[in-house]
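Chain and residue survey
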Amino acid sequence: MAKARALDKRRKSIRNIRKITRTMELIATASFKRAMDRANAAAAYTRRVSALVANLARLGLDTTHPLLEARPEPRRAVMLVLSANRGLCGGHNAGVLRAGLAHWKDLTATIPDVQLEIAGKRGISGFRFRGIQPTQSFTHFDDRPAYAEVELLANRYMEACITGRLDRFDVVYTKFESMSRMYPVVETLLPLSAMQEVEEAAVTMGQSQYEFLPSAESILEELIPMSFKTKLFKCFLDAAVTEQIARMMAMKAATENADTMISNLTMTYNRARQGQITNEILEVISGAEALN
């Protein structure tokens with residue numbers, strides 16, 4: 001039977017680890033609540049902007065915009081992967097990496113010029129480990145991404161698309177729907193598809209009851225870039241909230257496993273200590289009998 005001192009030392013070590021996992025669980029829970037509130041608010045805003053763009057598109061306006069132009073044979077594409085800067089969040093980063101690697105192979109097989117951009121240290125190291133160097137990498141996005149920072153990226157992608165230097169823009173991230181439903185997805189954000197907007201809003205939007213000043217066309221010219229920016233920002237928010245949920249669940253499971261291990265070690269320690277005490281009593285009794 002293992003020595004009681006070694007068991008007690010191991011039990012203390014696991015207790016120290018449990019303190020760390022419990023603290024990380026509480027921090028992730030607090031961060032998750034803030035991130036979920038931002039994600040829910042952005043989701044409602046994004047849906048409303050998309051519905052308004054769809055309603056304008058359903059009016060039959062003869063509006064042309066570079067962000068809406070279909071590119072049947074794209075030659076230049078950008079794939080943006082949204083991962084985490086830290087680990088200890090279960091399979092969050094692994095799922096994004098698997099989806100990103102699979103989509104990267106598909107893009108490079110069909111499009112001549114494909115650039116890879118990655119946000120998050122885990123995604124950067126994961127692709128570099130497989131011999132894929134990103135064109136650009138970002139590590140300043142944390143669990144509270146700022147709209148101004150995302151807008152800078154969005155403006156760069158839109159400018160490249162308008163000038164013809166970009167035909168397709170894809171984002172790989174973990175989509176958030178609820179606490180129990182989140183999964184890695186690949187979404188094509190550029191070019192924007194007016195038909196998709198109509199399909200998304202067809203259920204909720206009826207015939208237009210708006211009056212537009214100065215004109216619906218001018219309003220649509222402003223709403224199209226706004227729609228892309230809000231969608232990209234929503235992707236960053238989803239990536240942030242799913243990371244915190246994954247870390248919260250992983251740390252909770254680690255804390256529960258630590259509790260189980262401590263309980264088992266305590267039982268083993270008590271048995272070992274009981275055995276040692278019994279042996280000491282027997283030695284005392286044997287010594288006393290030998291003296292007699």
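Look a little higher up for the structure.
Here's what I pulled together on the structure shown here.

1. Section: the packing of helix α2 (residues 92-110) against helix α3 (residues 121-129)
- Contact pair α2 / α3: the axes reach a minimum separation of 10 Å and the direction vectors enclose 50 degrees. Between α2 and α3, the angle falls in the class oblique. The handedness of the crossing between α2 and α3 comes out as right-handed. Contacts from Asn93, Leu97, Gly100 and Leu101 of α2 reach α3 at Arg122, Gly123, Gly126 and Phe127.
- When grouped by side-chain class, the residues that make up the contact of α2 with α3 number three nonpolar, four polar and one charged.

2. Focus: the pattern of salt bridges
- All told, the structure shown has 13 salt bridges when counted by the stated rule.
- Arginine 22 is paired through a salt bridge with glutamate 25; the nearest N and O atoms lie 3.2 Å apart. With a gap of three residues between them, arginine 22 and glutamate 25 both fall in helix α1 (residues 4-57), about one helical turn apart.
- Taking relative accessible area as the criterion, arginine 22 reaches 35% and is therefore assigned partly exposed.

3. Details of unusual backbone geometry
- For the bond running from leucine 190 to proline 191, omega is 0 degrees, close enough to zero to count as cis.
- Within the chain, leucine 88 stands out as a residue other than glycine whose phi angle is a positive 55 degrees.
- Mapped onto the elements of the fold, leucine 88 is located in the loop between β1 (76-82) and α2.
- Residue classification places leucine 88 among the exposed residues on the basis of a relative accessible area of 55%.

4. Focus: the pairing of strand β5 (residues 181-190)
- Of the pairings in the sheet, the one linking strand β4 (residues 168-178) to β5 comprises nine bridges and is antiparallel in character. Residue pairing for β5: phenylalanine 176 is matched across the bridge by methionine 182.

5. Some details on a nonpolar patch on the surface
- Nonpolar side chains collect at one region of the surface, where Ile277, Ile281, Leu282 and Ile285 lie side by side and expose about 340 Å² of accessible area between them.
- Structurally, isoleucine 277 is set in helix α6 (residues 216-291).
- Classification of isoleucine 277 by relative accessible area gives partly exposed; the value is 35%.

6. Regarding the packing of aromatic side chains
- Under the criterion given, the structure shown has five aromatic pairs.
- Measuring from ring centre to ring centre gives 5.2 Å for tyrosine 147 and phenylalanine 233, while their planes differ by 90 degrees; the resulting arrangement is edge-to-face. Here the residue tyrosine 147 occupies a position in helix α4 (residues 147-162), and phenylalanine 233 occupies one in helix α6, the gap between them amounting to 86 residues.
- Residue tyrosine 147 is classed as partly exposed on the basis of its relative accessible area of 31%.
- Looking at phenylalanine 233, the relative accessible area reads 11%, which means it is buried.
- Aromatic side chains phenylalanine 169 and phenylalanine 228 sit 6.0 Å apart centroid to centroid with 75 degrees between the ring planes, which places their arrangement in the edge-to-face category. Of this pair, phenylalanine 169 sits in strand β4 while phenylalanine 228 is found in helix α6, placing the two residues 59 residues apart along the sequence. Phenylalanine 228 carries the same exposure label as phenylalanine 169, and that label is buried.
- In this structure an aromatic cluster arises from ring pairing among Phe138, Phe141 and Phe236.
- A cation over an aromatic ring shows up here: arginine 11 above the ring of tyrosine 269, its NZ or CZ 4.6 Å from the ring centre.

Rules used in this analysis
- Residues numbered from 1 in each chain as written.
- Predicted model: local features only at pLDDT ≥ 70, side-chain atom pairs only at ≥ 80, totals over all residues.
- Heavy atoms only, no water.
- Axes fitted to C-alpha atoms, helices over the stretch in contact; angles between N-to-C directions.
- Helix = DSSP H or I, 4+ residues; strand = E, 2+ residues; numbered from the N terminus.
- Parallel < 35°, antiparallel > 145°, perpendicular 65-115°, else oblique.
- Left-handed = near helix turned anticlockwise from the far one by under 90°.
- Contact = heavy atoms within 4.5 Å.
- Nonpolar A, V, L, I, M, F, W, Y, C, P; charged D, E, K, R; others polar.
- Salt bridge = Lys/Arg side-chain N within 4 Å of Asp/Glu carboxyl O.
- Buried < 20%, exposed > 50% of the residue type's maximum accessible area, 1.4 Å probe, protein only.
- Pairing = 2+ DSSP bridges.
- Patch = residues over 30% accessible without salt bridge, like charges linked within 9 Å, V, L, I, M, F, W, Y side chains within 5 Å.
- Areas by Shrake-Rupley, 256 points an atom, 1.4 Å probe, with all protein chains shown as cover.
- Phe/Tyr/Trp six-rings, centres within 6.5 Å; stacked < 30°, edge-to-face > 60°.
- Lys NZ or Arg CZ within 6 Å of the ring centre and 35° of its normal.

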